[in-house]
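Residue-level structural notes
This is what each chain is made of:
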Amino acid sequence: MKTVPCPRPSTSWIHIRFALGGLVLLCFSGSGSAFQFQISSSRQATTRSRSYKSLHPSIQSSSTVYKRRPIRRDNRQIHPISTTSTTTTTSSSQLHLTPPTAPQGDLLRTALGAILAAKVSWSGLTKKQSLRVSGAMAAFGVATLSLACSIRSGATLLFFYASSSKLTRMGSARKQTLEEGYKVGGKRGASQVLACSLIGVMAAMARRIWVGADGPLELLLPEGGSLLGNQLTLAFVAFFACCAGDTWASELGVLSKTNPRLVIKPWKQVAPGTNGGVSTVGLLASAAGGLAMGLCHGLLLPLQFTSWKQRLQEIWMLSIVGLLGGLGGSLLDSVLGATIQITHYDPVEKMILKKPKEGSIKLGVSLLSNEMVNVVSTAATALLVFVFAEPLLTFFC
């Protein structure tokens, strides 16, 4: 009997898994270190109190109440200690120690994120050939910035990139017969990468700067919270939901066995790949892509922030926003593509052309390029969700 060796994972995947493992461990390291600091600080404070009592026994016998001024040692504030004639009680509850900030976790996450971003960008440039040099540089920049903001923001961006690259290769043989100059893998440049990432990364950065570290949707908590944090989180999810919905619909809808219909004229059939054409497969794919982005962002919320009930509410809300953003954003992109983006079609070769030629059919108006249509549709989707964040949370929660 011939033994077939089991395929081993490639070195690049080992490195990527190692980096992701480090990021996940880092996500839960902050709360443990803070807890240890509080325990050790309480023990040190109790020891200092006992030493003070042994050096000043008059405190225990006097009937006068003594109050000490706050003492600042090692950037820690100790509240005044009161002593009476009966007994002197010193416990951790009487000592309020302010733990120092620990930027080391952010620096470590950023460093690991930069390593992972460099690995993914290099793989897209050389192995998968889904990126050009400019696209790889842009992908490295936005991936590093998103991972520096939070782990789940970077993971959502990387999941969008990985899933879109995978779907771009699906049915490549058929796509080459439908579109002139089709390149396997996509070969995306900087403009294409930034059109589908920059606004979302800016939302994550704004939340990190003006609101703070990543956390749950605060309107879901009993005491309420920051509306700005909720708005930026939902806008981030809606942006990538729109990007994924449009990409998944374009890559899978073109493989439909039935011709699509023009979104502004549903009774009119158009060739596969026509800007503004929609099909049942494409609409389902756009909804699935948006839903996947919402689920990804909701499931990766760090465990120490919420209870399981609140976590389920967060996943539900982000899934709804992702579904609406993916389906609605894809339809908006199709409307823009059918009206202000031009399409050249060759009826003889039955192929979408890059440039017009003799006998080709023109649809739409040449006002915006494909990248600009993506920017307008994704920005509009994120802005709408940002503005109506509070009604969405009130209605669906």
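Coordinates for the structure precede this section.
To start, this report covers the structure provided alongside it.

Rules used in this analysis
- Residues numbered from 1 in each chain as written.
- Predicted model: local features only at pLDDT ≥ 70, side-chain atom pairs only at ≥ 80, totals over all residues.
- Heavy atoms only, no water.
- Helix = DSSP H or I, 4+ residues; strand = E, 2+ residues; numbered from the N terminus.
- Buried < 20%, exposed > 50% of the residue type's maximum accessible area, 1.4 Å probe, protein only.
- Contact = heavy atoms within 4.5 Å.
- Areas by Shrake-Rupley, 256 points an atom, 1.4 Å probe, with all protein chains shown as cover.
- Pairing = 2+ DSSP bridges.
- Core = buried A, V, L, I, M, F, W, Y, C linked by side-chain atoms within 4.5 Å.
- Salt bridge = Lys/Arg side-chain N within 4 Å of Asp/Glu carboxyl O.
- 1 Å grid on protein atoms, 1.4 Å probe; cavity = no way out; pocket = protein on both sides within 12 Å on 5 of 7 lines; lining within 4 Å.
- Points joined across faces, edges and corners; volume = space filled by probe spheres on them.
- Axes fitted to C-alpha atoms, helices over the stretch in contact; angles between N-to-C directions.

What follows deals with the overall build of the chain. A tally of helices and strands in the chain yields 14 helices and ten strands. In the chain, buried positions account for 42% of the 397 residues. For the chain, contacts bridging at least 24 residues in sequence account for 69% of all contacts bridging at least 6. When the accessible surface of the chain is split by element, carbon and sulfur atoms take 65% of a total near 21800 Å².

Read from one edge to the other, the open sheet built from three strands follows the order β6-β5-β7, with strand pairing classed as antiparallel. In the strand order of this sheet, the two ends are held by β6 (265-269) and β7 (277-278), each with one partner. Looking at chain direction, strand β5 (residues 261-262) and β6 are connected through two bridges and run antiparallel. Bridge pairing in β6 links Leu262 to Lys265.

This part is about the nonpolar core. Core analysis: the largest hydrophobic core is formed by 44 residues, its most contacted members being Leu157, Phe160, Leu234, Phe240 and Val321. The element that contributes the greatest number of residues to this core is helix α10 (residues 227-253), accounting for eleven residues. Excluding residues within four positions of it along the chain, Phe160 makes contact with Cys196, Phe240, Cys243, Ala244, Thr247 and Met293.

Another point: unusual backbone geometry. Of note in this structure, Gln129 is not a glycine but carries a positive phi near 55°. Along the chain, Gln129 turns up in the loop between α4 (104-126) and α5 (133-149). Here the phi dihedral of Lys350 falls at roughly 55°; this positive angle occurs in a residue that is not glycine. One can find Lys350 in the loop between β8 (343-346) and β9 (351-353). On the basis of relative accessible area, Lys350 is assigned to the exposed category, the value being 57%.

This part covers the pattern of salt bridges. Overall, the coordinates contain eight salt bridges when judged by the stated rule. Its salt-bridge partner being Arg109, residue Asp106 comes within 3.2 Å of it at the nearest N-O pair. Separated by three residues within a single helix, Asp106 and Arg109 lie in helix α4, roughly one turn from each other. Its salt-bridge partner being Glu251, residue Lys175 comes within 2.5 Å of it at the nearest N-O pair. Within this pair, whereas Lys175 is found in helix α7 (residues 172-178), its partner Glu251 is found in helix α10, the two being separated by 76 residues in sequence.

It is worth spelling out empty space enclosed by the protein at this point. The full count for this structure, using the stated rule, is one cavity of 30 Å³ or more. The computed volume of the largest cavity comes to approximately 110 Å³. Lining the largest cavity are 14 residues, and of these Ser150, Ser153, Ala204, Arg207 and Asp214 sit closest to its centre. Mapped onto the lining of the largest cavity, the elements with two or more residues apiece are α9 (198-210) and α10. Examining the composition of the lining of the largest cavity, we find that four residues originate from one element, α9, more than from any other.

Let us now look at the sheet that holds β8. The three strands are arranged β9-β8-β10 in an open sheet whose pairing can be described as antiparallel. One side of each edge strand has no neighbouring strand; the edge strands of this open sheet are β9 and β10 (361-363). Direction aside, neighbouring strands of the sheet carry axes that sit 35° apart on average. Inspection of the sheet shows β8 paired to β9 by three bridges, in the antiparallel sense. Pairing of Asp346 across the sheet is with Met351, part of β9.

Read these as geometric descriptors, not functional statements.
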